[in-house]
Amino acid sequence: MKYLLKLFFFFCLFQVTAQNDTLAKKSFKEIIGIIQTNVKDTTVALNVTRYYSNRANKEANLKHQWGALQSKVIIYNIAEDFPKAAVAARKLIAFSERNMLEQYYMDTYMLAGIVVMREGAVKEALVYFEKTKAIAYEKGNEDVKKQAQFFINNIKSIGSDKSDVIAYYQNELKQLNEIEVNTENDSVVRQRFLMAKLGLSDAFLKNKVADSANFYINDILKNYLEKQKDSCMVKPLYMMLGETEILLNNFDAAAKSLDYSKNYCKPHTRFDSLLLGKAYGALYYKQKKYEKAITSFEQALEAYEISDKEEAYMDDLYKSLAIAYKETNNLDKASFYFEKYGNTMSEFAKVQDTIDTEFRKQELAAFEAEIEQLRIEKEDSKSNLNYLLLGGSIVILALLFLLLKFYKTKKANEVKFEALLAKINAAEAPKDIIDTKDEVLEEKNTLDIPVETQQLILDGLAKLEEKEYFLSQECNSHNMAKKIGTNTSYLSKVINAHFGKNFNTYINDLRINYAIVRLKNDVFFRAYSIQSIAEEIGYKSADSFTKYFKKDTGLNPSFYIKNIKNVA
């Protein structure tokens, strides 16, 4: 997926470079053109997109409001800021669905699927690609249907059994070979051939059937890209070719392919540096040049900051690094990276329902035992059977203690969850779920405020609640007082007197109640990361959101999300 997704992304998005101009007299079409020609300059592109969005909002033009949101997704994706691209993609979906822009659903879901897949949220991506495929089927759009199926197969091939994916593409090639090609359908058929062979290359490579993957990659380079030697599609193909040649022990050919890939699609991105560093590291590792392998792998990790979701796909790198460090007698580093390799199991399990983790667990246990034995030999220390039995007993007791603590915590959380669920069901409005009262209030005396002024402030608060202003990160007492037309002292006194809480408690209660209800009712919102949820409801960090959510409910957001889907 690492190379293939990067390569196929160029089928779906535009490419570009630079210009700046006055926007006030430009048409929407001209503004879009400026964004496209500046898309690689993130600052310029986002500034123009911000103007584009404000103007579309001012004119209430849904088409261009959607277009501005789409532009933001593409800009962040090209800038390789994949978490922000994914957040923007989810906002694009929410906007499209809220305004029932059915004519844009297919493009929206396809783009969102590509972006969140690149972020690492493959299960969420699968939902979007399935929706794209269903819409394309209804509209009779065979090309988009095939593209969606391509990505669905790409996700399926992450699993251990890739036979279905391979059979699908082999059948696709068989059908294509029976089609009579003419000038009208030539480009369509060629693209279908290309997609099928890309899919086979990827599936065979993931299955480490190197000779078959090598055959199809060479076929693509020879027969489909001979007229696109300057294309950014060539670079990842040569990287894939190098990977197959490493598996085939054709080390000279592998080095040439990797070197050749560096001639295309310049300048190289941070993600390119990660892929190349991994590929060269794998080459040196296979040649048992462990020091050079370590250097390449470490440079790859320095070049690109791997997100939490991407960690799941770093298993080969971490495992190779661990063994390379073991072979160079750096046992601490070896243990560190093998532990990281082990952690990828749990991350990978989140995106694959059928993965067989038992072999990895056994391999991890054996490797850790070997590392421990080497460390004992290096330090020239001795142990005896009684010491091992004592150590084993301590470990077992510690595990039993942790297990008991886990179940006690789980039971306590279940009780808290049921209590929260009862509150939700009993509440007439979201604000009735969590209603915190502060013992110490900022402003106690409201007698010096005229009754009419108090009522105006209360009416203003009600209107801002209705508009969900509390979800804005700019929501503070100063800005809220300004919007209502009062001062912060009066605002605090009225909130203290009428709600029995301070301003910050008032805002946090509104946000947490909003999150509780939306997470219960919105399946897509539940798929957001904790950071994305926090930003969506006005917090700047996941830690702040988690702190207030747990303070008000007694639960971590992740526990609530996991359990609410079973009753929603």
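Because the structure is a prediction, the values reported are computed rather than measured.

Enquirer: Now, about the overall build of the chain: what can you tell me, with residues and values included?
Expert: Across its full length, the chain carries 27 helices and zero strands. For the chain, buried positions account for 46% of its 568 residues. Summarising the internal contacts of the chain: among those between residues at least 6 apart in sequence, 63% fall at separations of at least 24. Entry remark: accessible area of the chain is about 29800 Å², with carbon and sulfur atoms responsible for 51%.

Enquirer: If you had to explain the packing of helix H8 (residues 142-156) against helix H10 (residues 186-206) to someone new, which residues and values would you point to?
Expert: The N-to-C vectors of H8 and H10 enclose an angle of 5°; their axes lie 10 Å apart at closest approach. Accordingly, the angle class assigned to the pair H8 and H10 is roughly parallel. When H8 is examined against H10, the residues Asp143, Lys146, Gln147, Phe150 and Asn154 are found in contact with a partner set consisting of Val188, Gln191, Arg192, Met195, Leu198, Gly199, Asp202 and Lys206.

Enquirer: Hey, could you go over helix H26 (residues 542-553) for me, with residue numbers and the actual values?
Expert: Turn by turn, an α-helix covers 3.6 residues, leaving residues three or four places apart pointing in a common direction. The end-to-end C-alpha distance of H26 is 16 Å, a good match for the 16 Å that 12 residues give at a rise of 1.5 Å each. Along H26, the residues classified as buried are Ala542, Phe545, Phe549, Asp552 and Thr553. On an axial view of H26, the arc spanned by its buried residues comes to 110°, and they lie on one face. Turned more than 90 degrees away from the buried face of H26, the exposed residues are Asp543 and Lys551. Downstream of H26 by a residue or two, Gly554 has a phi angle that is positive, lying close to 80°.

Enquirer: Break down a positive patch on the surface for me, citing the residues and quoting the values.
Expert: Taken together, the side chains of Lys463, Lys467, Lys482 and Lys483 present a region of like positive charge at the surface. Considering the arrangement of structural elements, one finds Lys482 in helix H21 (residues 477-484).

Enquirer: Please set out unusual backbone geometry residue by residue, giving values where relevant.
Expert: Not every positive phi belongs to a glycine, and Met100 is a case in point at roughly 50°. Here Met100 falls in the exposed class, since its relative accessible area comes to 61%. You will see that Glu468, though not glycine, has its phi angle at about 60°, which is positive. Tracing the backbone shows Glu468 in the loop between helix H20 (451-466) and H21.

Enquirer: Residue-level account of the packing of H10 against helix H11 (residues 210-223), with values.
Expert: Running from N to C, H10 and H11 cross one another at 150°; their axes reach a closest spacing of 8 Å. By the angle between their directions, the pair H10 and H11 is classed as roughly antiparallel. Viewed along their axes, H10 and H11 form a crossing whose handedness is left-handed. For the pair formed by H10 and H11, the contact residues are Arg190, Leu194, Lys197, Leu198, Leu200, Ser201, Phe204 and Leu205 on the first element and Ser212, Ala213, Tyr216, Ile217, Asp219, Ile220 and Asn223 on the second. Split into classes, the residues belonging to the contact of H10 with H11 amount to nine nonpolar, three polar and three charged.

Enquirer: Explain helix H16 (residues 315-327) to me, using residue names and the numbers behind them.
Expert: Spanning 13 residues, H16 covers 18 Å between terminal C-alpha atoms, matching the ideal 18 Å at 1.5 Å per step. Buried residues dominate H16, accounting for 10 of its 13 residues. Inspection of H16 places Asp315, Leu317, Tyr318, Ser320, Leu321, Ala322, Ile323, Ala324, Tyr325 and Lys326 among the buried residues, and these make up the whole buried set.

Enquirer: Which residues make up the environment of Glu245, and what values do they have?
Expert: Mapped onto the elements of the fold, Glu245 is located in helix H12 (residues 234-247). Take Glu245: its relative accessible area is 9%, and that puts it in the buried class. Here Glu245 is in contact with Asn214, Asn250, Ala253, Ala254 and Ser257, once residues within four sequence places are set aside.

Enquirer: Can you tell me about the pattern of salt bridges, naming the residues and giving the values?
Expert: If you walk through the whole model with that rule in mind, you get 18 salt bridges. With its nearest N and O atoms 2.7 Å apart, the salt bridge here joins Asp435 to Lys501. Residue Asp435 is found in the loop between helix H19 (385-426) and H20, and its partner Lys501 is found in the loop between helix H22 (488-499) and helix H23 (503-521); the two are separated by 66 residues along the sequence.

Enquirer: If you had to explain the packing of aromatic side chains to someone new, which residues and values would you point to?
Expert: Under the counting rule described, the total for this entry stands at 28 aromatic pairs. Taken together, a centroid distance of 5.8 Å and an interplanar angle of 20° make the contact between Tyr539 and Tyr548 stacked. A relative accessible area of 4% means that Tyr539 is categorised as buried. An aromatic cluster of at least three residues, connected via ring pairs, comprises Phe417, Tyr539, Phe545, Tyr548, Phe549 and Tyr560. The cationic tip of Arg118 hangs over the ring face of Phe271; the distance from NZ or CZ to the ring centre is 3.7 Å. Here Arg518 stacks its cationic end above the ring of Phe525, 4.0 Å away from the centre of that ring.

Enquirer: Give a description of the confidence of the model for the chain that names residues and reports values.
Expert: For the chain, mean pLDDT is 80; residues scoring 70 or higher make up 83% of the total. A low-confidence stretch, residues 10-21 stays under pLDDT 50, and its non-local contacts, those more than four residues away or across chains, total 32 contacts. Note on residues 353-362: pLDDT under 50 across the span, and 11 contacts to partners over four residues away in sequence or across chains.

Enquirer: Give me the lowdown on the side chain of Lys501, citing residues and values where you can.
Expert: By relative accessible area, which is 5% here, Lys501 ends up buried. For Lys501, the side chain forms a polar contact with the main-chain oxygen of Thr436, separated by 3.4 Å. Among the polar contacts listed, one links the side chain of Lys501 to the side chain of Asp509, at a separation of 2.7 Å. Lys501 has contacts with Asp435, Thr436, Asp438, Leu441, Ile495, Asn496, Tyr506 and Asp509, leaving out every residue within four places of it along the chain.

Enquirer: Outline the environment of Arg526, listing residues and values.
Expert: Relative to the elements of secondary structure, Arg526 occurs in helix H24 (residues 523-526). In this structure Arg526 comes out as buried when scored by relative accessible area, which is 16%. C-alpha of Arg526 to C-alpha of Lys562: the two residues are 36 residues apart in sequence and 8.6 Å apart in space. From its side chain, Arg526 meets the backbone oxygen of Leu519 in a polar contact 2.9 Å long.

Enquirer: Provide a residue-level description of the environment of Tyr224, including the pertinent values.
Expert: Here Tyr224 is to be found in the loop between H11 and H12. Separated by 34 residues in sequence, Tyr224 and Arg190 have C-alpha atoms that sit 7.7 Å apart. With sequence-adjacent residues up to four places away left out, Tyr224 is seen in contact with Arg190, Phe193, Leu194, Lys197 and Asp219.

About the cut-offs
- Residues numbered from 1 in each chain as written.
- Predicted model: local features only at pLDDT ≥ 70, side-chain atom pairs only at ≥ 80, totals over all residues.
- Heavy atoms only, no water.
- Helix = DSSP H or I, 4+ residues; strand = E, 2+ residues; numbered from the N terminus.
- Buried < 20%, exposed > 50% of the residue type's maximum accessible area, 1.4 Å probe, protein only.
- Contact = heavy atoms within 4.5 Å.
- Areas by Shrake-Rupley, 256 points an atom, 1.4 Å probe, with all protein chains shown as cover.
- Axes fitted to C-alpha atoms, helices over the stretch in contact; angles between N-to-C directions.
- Parallel < 35°, antiparallel > 145°, perpendicular 65-115°, else oblique.
- Expected span 1.5 Å × (residues − 1).
- Arc of directions from axis to C-beta.
- Patch = residues over 30% accessible without salt bridge, like charges linked within 9 Å, V, L, I, M, F, W, Y side chains within 5 Å.
- Salt bridge = Lys/Arg side-chain N within 4 Å of Asp/Glu carboxyl O.
- Lys, Arg positive; Asp, Glu negative; His and termini not counted.
- Charge placed at Lys NZ, Arg CZ, Asp CG, Glu CD.
- Left-handed = near helix turned anticlockwise from the far one by under 90°.
- Nonpolar A, V, L, I, M, F, W, Y, C, P; charged D, E, K, R; others polar.
- Phe/Tyr/Trp six-rings, centres within 6.5 Å; stacked < 30°, edge-to-face > 60°.
- Lys NZ or Arg CZ within 6 Å of the ring centre and 35° of its normal.
- pLDDT = per-residue confidence, 0-100.
- Polar contact = N/O pair within 3.5 Å; in protein donor to acceptor, adjacent residues only side chain to side chain.

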